[in-house]
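Working through the structure, step by step
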Amino acid sequence: MKYISTRGQAPELTFEEAMLTGLARDGGLYVPAEIPLMSADDIAALSGLPYEEVAYRVMRPFLGDSFTDQEFRDIIARAYAGFGHVARAPLKQLEPNHFLLELFHGPTLAFKDFAMQLIGQLFEVALKRRGDSVTIVGATSGDTGSAAMEAFAGLEAVNVFIMYPHGRVSEVQRRQMTTPTAANVHALAVDGDFDDCQARLKDMFNDFDFRDGVKLAGVNSINFARVLAQVVYYFTAAASLGAPYRKVSFTVPTGNFGDIFAGFIAKQMGLPIDQLVVATNQNDILHRCLSGKGYYTGETIPSISPSMDIQVSSNFERALFYAYGQDGKAVAQLMDELKEGGFDVSQGAMQLLADTFVSGRASEEETLATIKAEYAASGELLCPHGAVGVKVAQEHRKADVPMITLATAHPAKFPAAVEKASDVHPPLPTRMSDLYERSERLTRIANDLGVLEDHIRKTIAQ
Ligand SMILES: *Cc1c(COP(=O)(O)O)cnc(C)c1O
């Protein structure tokens with residue numbers, strides 16, 4: 001199994017190489033050269049299996065020779081052992097034919113744990129075998145950072161630096177990043193917004209001196225191994241609702257397009273998905289684009305669903321790559337235009353995108369109103385991201401196709417917004433109820449490539 005870049009200029013890599021590399025050297029993102037297929041019988045056989053077994057069957061064909069069967073089974077077992085729910089990704093009914101896929105039972109209470117816990121174990125096995133070490137730098141709008149720190153804390157071959165936008169993450173999110181005690185994980189509070197953090201991360205990857213000097217590795221949602229881990233719960237959810245014999249639709253609260261792109265991969269693999277609904281908050285560049293208005297960036301406006309406060313949605317490049325018939329040159333050209341402010345999507349590509357994706361947007365008021373209404377209707381307390389999803393899902397629901405909305409975080413991660421909407425204070429699960437008493441450790445730092453690189457070099461030299 002080979003991996004190719006969306007911009008067509010970087011060398012082909014194995015799964016393990018693509019995972020350790022992150023961003024391709026031509027600035028593109030790695031995708032599998034071919035997407036493995038699952039037959040209707042393969043999918044039917046998933047029904048009723050433990051999450052870990054489905055994970056193994058869905059992901060194994062993507063790995064090629066990078067890991068042995070037994071290594072990979074053990075990796076999966078370790079990755080999900082720390083989850084607080086035996087089903088890992090339980091499905092709950094909200095109303096007739098509308099279901100909530102709870103993805104917040106991992107160690108940091110957001111769906112990012114599914115990918116990050118797996119990637120932590122994959123890195124450890126791969127690096128130990130190579131006798132190598134890496135520096136992981138990540139940019140986070142809130143949830144990726146803590147998930148990465150939890151996943152890599154205490155591993156010997158890895159240093160982790162997480163950049164987050166100072167003052168723009170929730171208190172729970174910040175504390176989850178600033179309270180881990182392991183010496184190899186570091187929180188960097190950058191004076192900028194999430195797009196700045198993401199841009200500096202890209203700059204570091206494009207600074208080959210720095211990149212090679214510190215052995216830079218990325219675990220942001222550009223890493224294909226993360227996308228792959230997220231493909232699994234599309235299969236478990238669809239199989240429990242009757243796939244392959246019945247189609248299902250998914251609504252995904254979307255920021256960087258990583259989670260919903262995993263749904264696209266699931267569909268390409270053969271899972272009968274009717275619609276993939278992209279749900280955005282007021283930062284609605286994806287909704288505008290999928291509505292035919294082109295992909296033009298604006299200002300990021302902070303919202304009550306901060307993990308979706310994004311203008312440049314990195315994984316969308318992967319969707320464009322397929323929509324443009326895997327034409328790396330065309331994608332590279334679009335990404336150049338993006339630097340100048342944006343681009344229009346060609347008619348043919350728009351048509352292909354529309355075959356799979358539809359979209360909607362929820363305003364701040366609609367998000368709060370949905371939290372309140374859903375609590376009254378079903379007793380389910382949604383986090384603001386899940387609420388954006390539920391609101392948009394309700395607009396796209398069809399009578400004869402089950403709709404599954406992804407609940408991407410636990411309500412206790414965003415207590416202020418949830419309490420404002422519902423008058424209910426969502427309690428933290430017992431295993432992290434002392435979060436507010438733990439002491440914090442962070443470095444406030446300028447939104448400046450040189451300053452950031454110096455800091456990282458000095459810290460790992462210590
Ligand atoms: C990261 C995140 C999202 C957005 O997911 P993408 O893969 O970036 O589209 C939505 N909700 C929550 C809670 C998140 O942490």
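Use the structure listed above.
All chains use their own residue numbering, which begins from 1 and follows the written sequence. In keeping with the model being predicted, local features are shown solely for residues with a pLDDT of at least 70 and side-chain atom pairs are shown and tallied solely at 80 or more, while totals for entire chains, interfaces and linings include all residues. Water and hydrogen atoms were dropped before computing side-chain values, which therefore reflect all heavy atoms in the structure.

1. Structural notes on the overall build of the protein chain
- Working definition: helices are DSSP H or I runs of at least four residues, strands are E runs of at least two. Numbering for both runs from the N terminus. On a plain count of helices and strands, the protein chain comes out with 19 helices and 15 strands.
- Dimensions of the protein chain, computed from the C-alpha atoms along their principal axes, are close to 60 × 50 × 50 Å.
- Contacts in the protein chain between residues at least 24 apart in sequence constitute 75% of all its contacts with a sequence separation of at least 6.
- Working note: accessible area of the protein chain is about 16900 Å², and carbon and sulfur atoms make up 48% of it. It only takes one pair of heavy atoms within 4.5 Å for two residues to be counted as in contact. Accessible surface is estimated by sampling points in the Shrake-Rupley manner with a 1.4 Å probe; for residues, cover comes only from the protein chains shown.

2. Here's the deal with the pattern of salt bridges
- Salt bridge, as applied in this entry: a Lys or Arg side-chain nitrogen positioned within 4 Å of an Asp or Glu carboxyl oxygen. Under the counting rule described, the total for this entry stands at 28 salt bridges.
- A salt bridge links Asp203 to Arg200; the shortest N-O distance between them is 2.9 Å. Taken as a pair, Asp203 and Arg200 lie in helix α8 (residues 194–206) at a separation of 3 residues, close to a single helical turn.
- Only protein chains enter the accessibility calculation, which uses a 1.4 Å probe; a residue is then buried when its area is under 20% of its type maximum, exposed when over 50%, and partly exposed in between. For Asp203, a relative accessible area of 28% translates into the label partly exposed.

3. Some details on the pairing of strand β5 (residues 134–139)
- The element β5 is extensively covered by neighbouring structure, given that 6 of its 6 residues are classed as buried.
- Neither face of β5 is left uncovered, since the one carrying Val134, Ile136 and Gly138 and the one carrying Thr135, Val137 and Ala139 both have all their residues buried.
- Where the polypeptide runs from β5 across helix α6 (residues 143–152) and back to strand β6 (residues 158–165), its parallel neighbour, the crossover connection is right-handed.
- When DSSP finds two or more bridges between two strands, those strands count as paired. Note: β5 against strand β8 (residues 216–217), 2 bridges, orientation parallel. Of the residues in β8, the one forming a bridge with Thr135 is Leu216. By convention, orient the strands away from the viewer: a clockwise path from the first strand over the helix to the second makes the crossover right-handed.

4. With respect to the pairing of strand β10 (residues 273–280)
- In terms of residue burial, β10 counts as a mostly covered element, since 8 of its 8 residues are buried.
- In terms of strand pairing, strand β9 (residues 248–253) meets β10 through 5 bridges, oriented parallel. By the bridge assignment, Val252 is partnered in β10 with Val278.
- Once you follow β9 into helix α11 (residues 258–269) and on to β10, the crossover reads as right-handed.
- As judged from the 5 bridges shared by β10 and strand β13 (residues 357–361), these two strands associate in the parallel manner. Considered in β13, the bridge of Ala279 is made with Gly360.

5. Considerations on the side chain of Lys413
- One can find Lys413 in the loop between β14 (403–407) and α18 (415–422).
- Setting aside chain neighbours within four positions, we find Lys413 in contact with Thr108, Leu109, Ala110, Asp143, Ser146, Ser170, Val172, Gln173 and Gln176.

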